[in-house]
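Spelled out from the first residue to the last, the chains are:
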Amino acid sequence: MLTLPETYCTLISRFALVFSKRVWRHAQVLLIGTILAPGKRTVTSALRVMGLSDEKHFQNYHRVLNRAIWSSLEVSRVLLMLLVNTFAPRGPVVIGIDETLERRRGAKIKAKGIYRDPVRSSRSHFVKASGLRWVSAMLLVPIPWARRVWALPFLTTLAPSERFYESKVRGHKKLTDWARQMLLQVRRWLPERALVVVADGSYAAILLLERLQRLPNPICMITRLRLDAALYKPAPPRKPSKRGRPRLKGARLPTLEQILQDPKTTWKKLTIRGWYGEKRRQVEIVSRTAVWYHSGMPPVAIRWVLIRDPKGEFRPQALLCTDLNVDPVQIVKWFVMRWQLEVTFQEVRTHLGVETQRQWSDWAIKRTTPALLGLFSLVTLLAHSSTRQGRLPIRQAAWYTKTVPTFSDALAIVRHQLWQAMSFHMSVPEAEMQKVPRVLLKRFADALCYAT
């Protein structure tokens, strides 16, 4: 029989209503086992670490993922509410959205495709990989004890390639279509909160921006903008006696490339904290409003921000924001937070075993990877409840000194708390266990807590 710390029980029990009582018993074992298991995150590794190697009905645990009826969407909603109430109770809710590639092979994995590998590729070298493409929405919030912004996943969906839909009745959905549906769902969950979404240039689509802009409570979207984008003045007021269709745009404006090369452009110096892993970075910006328009599409009013480096170490880049009233400095600060999404993708591969799972059924595939990404956020919540005076223990080594906690420290403290609170039906007789020195047992428990 296993027991959990009281604070952990309070958090984990919030998900119990999503499952039936029978499924919830098995889901709890998989959840705790996945946190404690080192190495691969398979169902069998979770059962082994939970002391269930002799469980004859092990298939019941596999059925939680590949057959049991429960809503992944409802789990995402509960997780988002926990994250928002804990880390962002006030102010705008900043969400990052991006896609990642899970490298998987196998004839039975139907949704896999061939994609550009973002990790191995560069501007001059293109690498393709076989795998599953996932679109993930993450809450971007400062973690008090980590003293920096973390990206906490709460909603992840599978986005197959166009080739996957060739033999299907339903049509192919682009990344922007998946993003639109995900963000509209988040708006339903948080109808009153101000939402700010940051994304890379893949989501700079006029139709997506226009849909989010015309909501009753609009979603502010910040993405990259091409330097050669066609920008216009707003349409002039329509005269009462004018006939024909109303104008959608005004006169053409110079492109951002032309503004960049114009010596008369007035630049504003700005120091940004946390610029892509750096503590501080000095940049120069210029910002104005315009209408972004393309033939056959609706016009979108935007505020653009052009950024250049006084030292010339990175290429000039441009951002757009669908809220014209946002300060340009704030736009840059929000967009820089997007880099934490890449950090989270790396952390879940390193510490939570993404790409090590071995499910091949459709349901299990659609549930396992989002669950592992969501586990990153759940571990952060559990670690937050374990902090003392707003601090978290930091693991140190003679060859590696850290000043602030990382996710590995959060995972270690959660594992330590679980190992202390839980009790198992040991296969070794109690009399034999008493012969083992307490020091050796403590060292063994610490080693399990720190293993990844």
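This one's a predicted model, so the numbers in the text were calculated from it and none came from an experiment.

(A) Region of the structure containing the overall build of the protein chain. Broken down by element type, the protein chain carries 14 helices and eleven strands. In summary, the protein chain has a C-alpha radius of gyration of 25 Å against a globular reference of 22 Å for 452 residues, a match within 12%. Summarising its shape, the C-alpha atoms of the protein chain cover approximately 95 × 55 × 45 Å along the three principal directions. Within the protein chain, the fraction of its 452 residues that count as buried is 50%. By sequence separation, contacts in the protein chain at least 24 residues apart represent 65% of the contacts at least 6 residues apart. By element, 53% of the accessible surface of the protein chain is carried by carbon and sulfur atoms, the whole surface being about 24,500 Å². Distance between charge centres in the protein chain, computed from 74 positive and 31 negative side chains, equals 4 Å.

(B) Helix α7 (residues 206-213), seen in detail. When α7 is considered as a whole, its buried residues turn out to be Ile-206, Leu-208, Leu-209, Glu-210 and Leu-212. In the core, the buried residues of α7 are packed alongside α6 (175-189), β6 (220-225), β9 (280-292), β10 (300-308) and β11 (317-321).

(C) Region of interest: unusual backbone geometry. Phi at Arg-147 takes a positive value of approximately 60 degrees, unusual for a residue other than glycine. One can find Arg-147 in the loop between β3 (128-143) and β4 (148-158). You will see that Glu-355, though not glycine, has its phi angle at about 85 degrees, which is positive. Note that Glu-355 resides in the loop between α10 (339-351) and α11 (362-385). Residue classification places Glu-355 among the buried positions, given a relative accessible area of 18%.

(D) Fine view of empty space enclosed by the protein. Per the stated rule, a full pass over the model turns up two cavities of 30 Å³ or more. Taken as a whole, the largest cavity holds about 60 Å³ of empty space. Taken together, Arg-148, Trp-150, Ala-151, Gln-340, Val-343, Thr-344, Glu-347, Phe-376 and Phe-407 make up the lining of the largest cavity. Counting residues per element, the ones that place at least two in the lining of the largest cavity are β4 and α10. Sort the elements by how many residues they give to the lining of the largest cavity and α10 lands first, with four residues. Residue composition of the lining of the largest cavity, grouped by class: five nonpolar, two polar and two charged. As a volume, the second largest cavity reaches approximately 40 Å³. Lining the second largest cavity are Thr-100, Glu-102, Trp-134, Phe-345, Val-348, Arg-349, Val-354, Thr-369 and Leu-373. Among the secondary structure elements, those contributing two or more residues to the lining of the second largest cavity are β1 (93-103), α10 and α11.

(E) Inspection of the packing of α10 against α11 at higher detail. The geometry of α10 relative to α11 is characterised by a closest axis approach of 10 Å and an angle of 105 degrees between their N-to-C directions. Our classification of the angle between α10 and α11 gives roughly perpendicular. For the pair formed by α10 and α11, the contact residues are Thr-344, Phe-345, Glu-347 and Val-348 on the first element and Leu-372, Leu-373 and Phe-376 on the second.

(F) Highlighting the packing of aromatic side chains. This structure, assessed with the given rule, holds nine aromatic pairs. Taken together through their ring pairs, the aromatic side chains of Trp-145, Trp-150, Phe-376 and Phe-407 make up a single cluster. The ring of Trp-360 carries the charged tip of Lys-108 above its face, separated from the ring centre by 4.4 Å. For Lys-173, the ring lying beneath its charged end belongs to Trp-178, and the centroid distance is 3.7 Å.

(G) Structural detail: the pairing of β6. Burial runs high along β6: five of the six residues are buried. The sheet contact formed by strand β5 (residues 195-198) and β6 spans three bridges and is parallel. Across the sheet, residue Val-197 finds its bridge partner in β6, namely Met-221. Tracing the backbone out of β5, into α7 and back to the parallel element β6 gives a crossover that is right-handed.

(H) Structural context of the side chain of Arg-104. Positionally, Arg-104 belongs in the loop between β1 and β2 (113-116). Within polar-contact distance, the side chain of Arg-104 engages the side chain of Glu-102 at 3.1 Å. Every residue in contact with Arg-104, bar those within four places of it in the chain, is listed here: Ile-109, Lys-112, Ser-130, Gly-131, Leu-132, Gln-357, Arg-358 and Gln-359.

(I) A look at the state of the cysteines. Counted under the stated rule, the structure contains zero disulfides. Not part of a disulfide, Cys-220 finds its nearest cysteine sulfur in Cys-321, a span of 3.4 Å.

(J) Highlighting the pairing of β11. Here β11 lies mainly inside the structure; five of its five residues are buried. Covered by surrounding structure in β11 are Gln-317, Leu-319 and Cys-321 together with Ala-318 and Leu-320, the residues of both alternating faces. Direction of pairing for β6 relative to β11: antiparallel, over a ladder of four bridges. By the bridge assignment, Ile-222 is partnered in β11 with Cys-321. Examined bridge by bridge, β10 and β11 share five bridges and lie antiparallel to one another. Among the inter-strand pairings, Val-305 is bridged to a residue of β11, identified as Leu-319.

(K) The environment of Gln-28, seen in detail. Within the secondary structure, Gln-28 sits in helix α2 (residues 21-36). Here the alpha-carbon distance between Gln-28 and Ile-12, two residues 16 residues apart in the chain, equals 8.4 Å.

(L) Quick look at the pattern of salt bridges. Taken as a whole and assessed by the stated rule, the structure comprises 14 salt bridges. For the salt bridge of Asp-362 with Lys-110, the shortest nitrogen-to-oxygen distance reads 3.7 Å. Placement of Asp-362 in helix α11 and of Lys-110 in the loop between β1 and β2 is noted, with a sequence separation of 252 residues between them. As a salt-bridge pair, Arg-180 and Asp-177 come within 3.8 Å of each other at their nearest N and O atoms. Of the two residues, Arg-180 and Asp-177 are both situated in helix α6; the distance of three residues between them amounts to about one turn of the helix. Judged by relative accessible area, which is 25%, Arg-180 ranks as partly exposed. Taking relative accessible area as the criterion, Asp-177 reaches 23% and is therefore assigned partly exposed. Because the salt bridges share partners, they merge into one network encompassing Arg-103, Arg-349 and Glu-355.

Reading guide: rules and limits
- Residues numbered from 1 in each chain as written.
- Predicted model: local features only at pLDDT ≥ 70, side-chain atom pairs only at ≥ 80, totals over all residues.
- Heavy atoms only, no water.
- Helix = DSSP H or I, 4+ residues; strand = E, 2+ residues; numbered from the N terminus.
- Rg over C-alpha atoms; globule rule 2.2 N^0.38 Å.
- Buried < 20%, exposed > 50% of the residue type's maximum accessible area, 1.4 Å probe, protein only.
- Contact = heavy atoms within 4.5 Å.
- Areas by Shrake-Rupley, 256 points an atom, 1.4 Å probe, with all protein chains shown as cover.
- Lys, Arg positive; Asp, Glu negative; His and termini not counted.
- Charge placed at Lys NZ, Arg CZ, Asp CG, Glu CD.
- 1 Å grid on protein atoms, 1.4 Å probe; cavity = no way out; pocket = protein on both sides within 12 Å on 5 of 7 lines; lining within 4 Å.
- Points joined across faces, edges and corners; volume = space filled by probe spheres on them.
- Nonpolar A, V, L, I, M, F, W, Y, C, P; charged D, E, K, R; others polar.
- Axes fitted to C-alpha atoms, helices over the stretch in contact; angles between N-to-C directions.
- Parallel < 35°, antiparallel > 145°, perpendicular 65-115°, else oblique.
- Phe/Tyr/Trp six-rings, centres within 6.5 Å; stacked < 30°, edge-to-face > 60°.
- Lys NZ or Arg CZ within 6 Å of the ring centre and 35° of its normal.
- Pairing = 2+ DSSP bridges.
- Right-handed = clockwise from strand over helix to strand, strands pointing away.
- Polar contact = N/O pair within 3.5 Å; in protein donor to acceptor, adjacent residues only side chain to side chain.
- Disulfide = S-S within 2.5 Å.
- Salt bridge = Lys/Arg side-chain N within 4 Å of Asp/Glu carboxyl O.

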